[in-house]
Amino acid sequence: MDPLATAPRRPTIRDVATAAGVSRGTVSRVINGGHWVSPTARDAVERAIRSTGYRANQHARSLVTGRSNSLAFLLTEPQHLLFADPTFSILLRGAAEALASRGMTLILLVAGTPEERENVAHYVGARHVDGVLLISSHESDPLLESLQEQGIPLVACGIPMGHARQVPSVSVDEVAGARTMVAHLRRSGRRRIAMITGPLDTPGGRYRLEGYRTELGEDFDERLVAYGDYSAESGAAAISQLLARASDLDAVFAASDVMAAGALAALRRAGRSVPGDVAVGGFDDSGLAATLDPPLTTMHQPFDQISAELVSLLLSVIDGGPQKSVTFPATLVVRESA
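Everything quoted here is computed from the prediction, not taken from an experiment.

Conventions and cut-offs
- Residue indices begin from 1 for each chain and proceed along its sequence in written order.
- Given that the model is predicted, a residue must reach a pLDDT of at least 70 before its local features are reported, and side-chain atom pairs must reach 80 or more before they are shown or counted; all residues, however, enter totals for whole chains, interfaces and linings.
- Side-chain numbers come from the whole structure's heavy atoms, not from hydrogens or water.
- Under the scheme used here, helices are H or I runs from DSSP no shorter than 4 residues and strands are E runs no shorter than 2 residues, and both carry numbers assigned from the N terminus.
- Exposed residues in this analysis have more than 50% of their type's maximum accessible area, buried residues have under 20%, and partly exposed residues fall in between, with area computed by a 1.4 Å probe over protein chains only.
- Residues are treated as being in contact if the distance between any of their heavy atoms lies within 4.5 Å.
- We treat Lys and Arg as the positive residues and Asp and Glu as the negative residues; His and chain ends play no part in the count.
- Where a charge lies is defined by one atom per residue type: Lys uses NZ, Arg uses CZ, Asp uses CG and Glu uses CD.
- Only strands joined by at least two bridges in the DSSP assignment are considered to pair.
- A fitted line through C-alpha atoms represents every axis, and for helices the fit uses only the stretch in contact; the resulting angles, taken between N-to-C directions, go from 0 to 180 degrees.
- Those domain boundaries reflect an automatic or database domain assignment.
- Here the quantity called buried area is the accessible surface, traced with a 1.4 Å probe, that two parts lose on coming together, added over both.
- What counts as a salt bridge is simple: a side-chain nitrogen of Lys or Arg found within 4 Å of a carboxyl oxygen of Asp or Glu.
- Pairs of N or O atoms within 3.5 Å make up the polar contacts considered here, provided that, within protein, one atom can donate a hydrogen while the other can accept it, and that residues adjacent in sequence are counted only when both atoms are side-chain atoms.
- For our purposes a nonpolar core is just a set of buried Ala, Val, Leu, Ile, Met, Phe, Trp, Tyr and Cys residues, chained together by side-chain atoms within 4.5 Å.

Chemist: Go over the overall build of the protein, please, and point to the residues and values.
Modeler: The secondary structure content of the protein amounts to 14 helices and 12 strands. Expressed as a percentage of its 338 residues, the buried residues of the protein come to 50%. A separation of at least 24 residues holds for 70% of the contacts in the protein among residues at least 6 apart in sequence. Considering the protein, the positive charge centre built from 32 side chains and the negative charge centre built from 37 side chains are found 7 Å apart.

Chemist: Give a detailed account of the sheet that holds strand S8 (residues 251–254), specifying residues and quantitative values.
Modeler: Ordered in space as S7-S6-S8-S9-S10-S12, the six strands form an open sheet in which the pairing is mixed. A strand with exactly one partner marks an edge of an open sheet, and here the two such strands are strand S7 (225–227) and strand S12 (331–333). Taking the axes of each pair of neighbouring strands and ignoring which way they run, one obtains an average angle of 20 degrees across the sheet. Across three bridges, S8 lies against strand S9 (residues 279–284) in parallel orientation. Residue pairing for S9: Ala 251 is matched across the bridge by Ala 279.

Chemist: So what about the domain arrangement of the protein? Which residues, and what values?
Modeler: Buried accessible area, meaning the area lost when the parts come together, often serves as the stated size of an interface. Assigned domains within the protein: domain 1 (1–53), domain 2 (70–171 + 304–327) and domain 3 (174–300). The centre of domain 2, based on its C-alpha atoms, is set 28 Å off from the matching centre of domain 3. Listed by partner, the interface residues are 12 residues for domain 2 and nine residues for domain 3. Across the interface of domain 2 and domain 3, roughly 990 Å² is buried in total on both sides, 62% from carbon and sulfur atoms. Counting across the domain 2 and domain 3 interface gives zero salt bridges. Between domain 2 and domain 3 we count one residue pair in polar contact (both at pLDDT 80 or more) in total. Top element by residues in the side of domain 2 that touches domain 3 is helix H7 (residues 86–100). It accounts for three residues.

Chemist: Now, about the pairing of strand S5 (residues 169–172): what can you tell me, with residues and values included?
Modeler: Residue alternation in S5 divides its side chains into two sets, Ser 169 and Ser 171 and Val 170 and Val 172, and both sets are buried. The sheet contact formed by S5 and strand S11 (residues 326–328) spans three bridges and is parallel. Pairing of Ser 171 across the sheet is with Thr 327, part of S11.

Chemist: Please give an account of the pattern of salt bridges that cites residues and values.
Modeler: Any two side chains of opposite charge can pair, so long as their charged atoms come close to each other. Applying the stated criterion to the full structure yields eight salt bridges. The salt bridge involving Glu 215 is made with Arg 179; its shortest N-O contact spans 2.7 Å. Here Glu 215 is found in helix H11 (residues 203–216), whereas its partner Arg 179 is found in helix H10 (residues 174–187), with 36 residues between them in sequence. When its relative accessible area of 33% is taken as the criterion, Arg 179 is described as partly exposed. Linking Asp 221 and Arg 223 is a salt bridge whose minimum nitrogen-to-oxygen distance equals 2.9 Å. Looking at Arg 223, the relative accessible area reads 46%, which means it is partly exposed. Overlapping salt bridges bring together Arg 192, Asp 221, Arg 223 and Asp 248 as one network.

Chemist: Tell me what's going on with the nonpolar core, and back it up with residues and numbers.
Modeler: Counting residues in hydrophobic clusters, the biggest one holds 75 residues, and the most contacted among them are Ile 135, Ile 196, Tyr 212 and Phe 253. Ranked by residues supplied to this core, first place goes to helix H14 (residues 303–318) with nine residues. A domain split of this core shows at least three residues from each of domain 2 (70–171 + 304–327) and domain 3 (174–300). Residue contacts for Phe 253: discarding those within four places in its chain leaves Ala 178, Met 181, Val 182, Leu 185, Ala 194, Met 195, Ile 196, Arg 208, Tyr 212, Gly 281, Gly 282 and Phe 283. One finds Val 132, Leu 134, Leu 147 and Ala 156 within the second-largest nonpolar core, a separate group that totals 17 residues.

Written out as structure tokens, the structure reads:
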């Protein structure tokens, strides 16, 4: 018997249309970008694609549309941070899932060195991807301007410093989130509240410090601010600096959960109990916070929503839609550390 005669038939657009109860034209429009399709019809088609197991011919689609049907997930940080900071892997997974549901591909690019930035600029400029999800950005980084000059569709995760008007973004309200954390620490009776910031040329560094300063008002004390780079090591080093300058501190707000983890370890080595002597709060709630000892009170970022919105917004920009920015609230998650 011919084995090809018994092979299961590959699902077609006709099968998807029948399962969704729509026309083949509607299915084709959803597959090729979703122009002029209602949300109800889009949902029906996407469910039918999953149930039938339909797979689009990406090569044929690329020939028709002139697109690669892929997006870049661009991390402008040293490579090790992709694995050391769980926020990046969560965003990567969410973006990949959002694209997979549309039959598209996500390509990971890391540009933490000058050589890597140059390679990325050439690769993206050659239109190997249709657009770029800029997952981290530094105000002084020349790569962002290079991509803009080449006309590459961009959406940033976090407000891109110095480019907020030119590049749409998806972010959390950094200032309000920091204010919420400081207000929580003050309500619990803490009066000498220190902060470990991120780099001030990043949105998380600058705006979380702004929220901390604003909430403290006249109680703000520059000696209670130390500067980190989002690593656990920098969080630990910051605690040593802060205790040397202000041994009476009774709370620490770290601008990331990873730095908070380093702070917890350093406080333990210094003989300070948490939360007895010093309360500790973080920012992200990426999964790490709940595993720390004690579990970390932190500000929750809705990473699933952020990832989905990044992809949706970038695809809209690629299709010529309006450039806009979206801001989600960060919410307080209270655990044992504060």
